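Chain by chain, the residues:
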Amino acid sequence: MPPQLTIIIPVFNEQESLGAFLDAVRTPLAQALDVIGPQASAELLFVDDGSSDRTPDMLAILAGLDARVRYLRLSRNFGKEAAIAAGLQHARGAAVVPMDVDLQDPPELLPALVREWVAGAKVVNARRVDRSSDSRLKRWTAHGFYRAVNLMAETPIPENVGDYRLLDRAAVDVINRLGESARFNKGLFAWVGFRVATVDYVRSQRHAGETKWRWRRLWSLALDGITASTTAPLRIWTYVGGVTALSAFAYAAFLVLHTLITGIDTPGYASIMISVLMLGGIQLLSIGIMGEYIGRIAKEVRQRPLYVVEQDSAAEPDHGSSEREEAWTRPPMRA
Ligand code: UDP
Ligand code: MG
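Residues numbered from 1 in each chain as written. Chains lettered and ligands numbered in written order. Predicted model: local features only at pLDDT ≥ 70, side-chain atom pairs only at ≥ 80, totals over all residues. Heavy atoms only, no water.

A. Just the overall build of the protein chain, in detail. The helix and strand tally for the protein chain stands at 11 helices and eight strands. Dimensions of the protein chain, computed from the C-alpha atoms along their principal axes, are close to 95 × 40 × 40 Å. Sequence separation of at least 24 residues holds for 82% of the intrachain contacts in the protein chain that already meet a minimum separation of 6. Just so you have it, the protein chain exposes about 17,700 Å², and 61% of that area is on carbon and sulfur atoms. (Helix = DSSP H or I, 4+ residues; strand = E, 2+ residues; numbered from the N terminus. Contact = heavy atoms within 4.5 Å. Areas by Shrake-Rupley, 256 points an atom, 1.4 Å probe, with all protein chains shown as cover.)

Right under this line is the structure:
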């Protein structure tokens with residue numbers, strides 16, 4: 001019988017955190033299963049995102065000790081978004097919860113998430129009410145990002161909701177069918193719709209090790225988020241161009257009239273320099289933004305898989321090779 005609940009835990013060089021995570025999750029998980037029913041079972045699906053430390057060995061040992069532990073090993077580091085996509089595609093549960101291993105997503109919230117699910121919600125968001133554990137710069141940039149995206153996006157992305165949330169099988173199946181390779185999970189999770197409930201929590205400090213996100217990665221995640229959620233940045237340039245052209249016409253008319261009336265044409269070095277530089281800058285910026293979208297189109301056209309599974313502990317040992325093939329079969333592009 002398939003488990004009712006799958007916890008997806010992407011891990012990248014997390015040897016210090018694995019043990020503490022399993023300890024911390026045990027009780028809340030049991031409570032969450034009690035909410036579902038007496039027969040309910042869970043699956044802890046670790047997705048090893050190409051770790052280079054002892055994480056894979058530890059996962060193999062943990063899977064031997066605890067039948068609920070299962071792991072996927074990706075062939076290299078594909079990033080958290082791809083790791084979660086892999087987890088969602090391999091999860092067997094009727095409800096799925098992606099969760100960080102560093103205990104920043106408190107496991108104590110699991111019973112509350114499951115309660116909302118049992119009550120009928122298909123997506124249960126966990127919302128951070130206090131982010132004082134993040135640096136001020138990170139909070140500020142995150143806030144700015146959500147403001148910017150939600151100004152433009154067709155489906156608003158809830159602020160302060162991370163990847164930690166409960167997704168019903170119905171929502172997971174929809175997400176698994178989305179064929180895009182530029183993954184921005186928070187945008188996809190918001191896009192699926194269904195009945196949404198929200199549970200609040202306070203985000204704590206990272207348990208051990210340090211954050212695996214570098215600013216460059218966050219920046220490219222933010223760009224993925226914007227380009228995946230909206231094409232408004234492309235459209236802005238129609239209006240900017242229109243306004244610039246109109247003012248250029250007005251200014252030209254002014255210059256002609258001025259010369260006709262006063263008879264002298266003004267020396268205009270400054271105004272020419274300013275308009276040349278300004279227009280040049282605007283054009284480069286707009287070309288750059290188009291480039292962001294075109295680059296992503298090129299990436300989607302290549303149709304590479306999101307991730308490559310090297311090993312699935314649930315498929316060992318006889319299906320090893322077919323599992324590798326399966327990672328290459330992409331979900332159908334049209335639902
Ligand atoms: N992670 C991953 N692949 C990566 C980076 C991170 O699977 O390339 C995992 C990591 O092991 C952790 C989760 O994603 O379980 C969140 O990472 P982290 O705590 O470093 O991010 P932050 O909490 O700072 O956003
Ligand atoms: Mg963290």
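B. How the structure looks around the packing of helix α1 (residues 18–36) against helix α4 (residues 110–118). One way to put it is that α1 packs onto α4 with a least axis distance of 8 Å and a crossing angle of 20°. Taken together, the axes of α1 and α4 lie roughly parallel to each other. Both α1 and α4 take part in a crossing whose hand is right-handed. Of α4, the residues touching α1 (which contributes V25, P28, L29, Q31, A32, V35 and I36) are L110, P111, V114, R115, W117 and V118. Class assignment of the residues belonging to the contact of α1 with α4 gives a composition of 11 nonpolar, one polar and one charged. (Axes fitted to C-alpha atoms, helices over the stretch in contact; angles between N-to-C directions. Parallel < 35°, antiparallel > 145°, perpendicular 65-115°, else oblique. Left-handed = near helix turned anticlockwise from the far one by under 90°. Nonpolar A, V, L, I, M, F, W, Y, C, P; charged D, E, K, R; others polar.)

C. Structural detail: the pattern of salt bridges. Inspection of the entire model under this criterion finds 13 salt bridges. The shortest N-O distance in the salt bridge between R68 and D66 comes to 3.4 Å. For D66, a relative accessible area of 17% translates into the label buried. Taking the shortest distance from any N to any O, the salt bridge between D200 and R127 comes out at 3.0 Å. Pair noted here: D200 is in strand β7 (residues 196–202) and R127 is in strand β5 (residues 123–130), with a separation of 73 residues, a long-range link. Owing to a relative accessible area of 36%, R127 belongs among the partly exposed residues under this scheme. Put simply, E43, R70, R92 and D312 are held in one network by salt bridges that share partners. (Salt bridge = Lys/Arg side-chain N within 4 Å of Asp/Glu carboxyl O. Buried < 20%, exposed > 50% of the residue type's maximum accessible area, 1.4 Å probe, protein only.)

D. Local environment of the environment of K186. One can find K186 in helix α7 (residues 185–191). With relative accessibility at 14%, the residue K186 sits in the buried group. Each C-alpha atom of the pair K186 and T259 lies 58 Å from the other, and the pair is 73 residues apart in sequence. Apart from residues no more than four positions distant in its own chain, K186 is found in contact with Y146, I157, V161, G162, D163 and R165.

E. Quick peek at α4. The complete set of buried residues in α4 reads L110, P111, L113, V114 and W117. All buried residues of α4 fall inside an arc of 160° around its axis, so they share one side. The inward-facing, buried residues of α4 contact β1 (5–11), α1, β4 (95–98), β5, β6 (161–168) and β7. A positive backbone phi angle near 120° is found at G120, which sits one or two residues after α4. (Arc of directions from axis to C-beta.)

F. Quick look at the packing of helix α9 (residues 232–262) against helix α10 (residues 269–302). Two numbers describe how α9 lies on α10: the axes approach to 10 Å, and their chain directions differ by 160°. The orientation of α9 with respect to α10, classified from their angle, is roughly antiparallel. In this structure, α9 crosses over α10, and the sense of that crossing is left-handed. Touching P233, L234, W237, V240, T244 and Y251 of α9 are S271, L279, I282, L285, S286, I289, M290 and Y293, all from α10.

G. Just the confidence of the model for the protein chain, in detail. Averaged over all residues, the pLDDT of the protein chain is 83; the fraction at 70 or higher stands at 91%. Here residues 319–326 is modelled with pLDDT under 50, and outside its nearest four sequence neighbours on either side it reaches eight contacts, counting other chains as well. The model gives residues 328–335 a pLDDT under 50, and that stretch makes 17 contacts with residues more than four places away or in other chains. (pLDDT = per-residue confidence, 0-100.)

H. A look at the side chain of D163. Inspection of the secondary structure puts D163 in strand β6. Side-chain polar atoms of D163 contact the side chain of K80, separated by 3.2 Å. Sequence-distant contacts of D163, defined by excluding residues within four places in its chain, comprise K80, E81, I84, P98, N185, K186 and F189. (Polar contact = N/O pair within 3.5 Å; in protein donor to acceptor, adjacent residues only side chain to side chain.)

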